[in-house]
Amino acid sequence: MVAAGGDRIGCERLQKALCECHQRFGPGATREAACRHLNRALAECMVSVVCPEESEAVRTLCASGGTQLKRSQCQQAQLSLSVCISSHQQD
């Protein structure tokens, strides 16, 4: 799985692997289970390419529990990431 700082080449590889997984397994629960990790990794990679600072902030601040301040910072980071993703969506 791609961690912090995904890159376009890494995302392209994950997309290719996900497409191959979809070709190997027919639609349904088996495909969902078999390809789930690739689907998640590709989503995380794409988000980290499009919104790198916001994505890293969420990874850092939301990795574990902690104080009320850290939880509040995590929520703010999640909101910032959501706004960033929304700004890249097409109508």
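Here, every reference points to the structure presented above.
Residues numbered from 1 in each chain as written. Predicted model: local features only at pLDDT ≥ 70, side-chain atom pairs only at ≥ 80, totals over all residues. Heavy atoms only, no water.

Draft legend 1. Structural detail: the nonpolar core. If you look at the biggest cluster of nonpolar residues, it comprises nine residues: Cys11, Leu14, Leu18, Cys21, Cys35, Leu38, Ala41, Leu42 and Cys45. Within the residue set of this core, elements represented by two or more residues are α1 (8-24) and α2 (29-50). Looking at this core, the element that brings in the most residues is α2, giving five residues. With residues up to four places along the chain from it excluded, the contact list for Leu42 reads Cys11, Leu14, Gln15 and Leu18. One finds Cys51, Ala77, Leu81 and Cys84 within the second-largest nonpolar core, a separate group that totals five residues. (Core = buried A, V, L, I, M, F, W, Y, C linked by side-chain atoms within 4.5 Å. Buried < 20%, exposed > 50% of the residue type's maximum accessible area, 1.4 Å probe, protein only. Helix = DSSP H or I, 4+ residues; strand = E, 2+ residues; numbered from the N terminus. Contact = heavy atoms within 4.5 Å.)

Draft legend 2. Up close: the state of the cysteines. Enumeration over the complete set of coordinates arrives at four disulfides. Each disulfide pairs two cysteine sulfurs, and for Cys51 the partner residue is Cys84, the sulfurs being separated by 2.0 Å. With the S-S bond torsion at -95°, the cross-link from Cys51 to Cys84 turns out left-handed. Taken together, the positions of Cys51 in the loop between α2 and α3 (52-61) and Cys84 in helix α4 (residues 68-88) put the pair 33 residues apart, joining distant regions of the chain. With no disulfide of its own, Cys19 lies closest to Cys35 among cysteine sulfurs, the gap being 9.8 Å. (Disulfide = S-S within 2.5 Å.)

Draft legend 3. Summary view of the packing of α1 against α2. It is the contact of α1 with α2, at a shortest axis distance of 9 Å, that shows an interaxial angle of 160°. Between α1 and α2, the angle falls in the class roughly antiparallel. As for how α1 packs across α2, the hand of that crossing is left-handed. Together, Arg8, Gly10, Cys11, Leu14, Gln15, Ala17, Leu18, Cys21 and His22 of α1 and Arg31, Ala34, Cys35, Leu38, Asn39, Ala41, Leu42, Cys45, Met46 and Val49 of α2 make up the contact between the two elements. In terms of residue class, the contact of α1 with α2 is made up of 13 nonpolar, four polar and two charged. (Axes fitted to C-alpha atoms, helices over the stretch in contact; angles between N-to-C directions. Parallel < 35°, antiparallel > 145°, perpendicular 65-115°, else oblique. Left-handed = near helix turned anticlockwise from the far one by under 90°. Nonpolar A, V, L, I, M, F, W, Y, C, P; charged D, E, K, R; others polar.)

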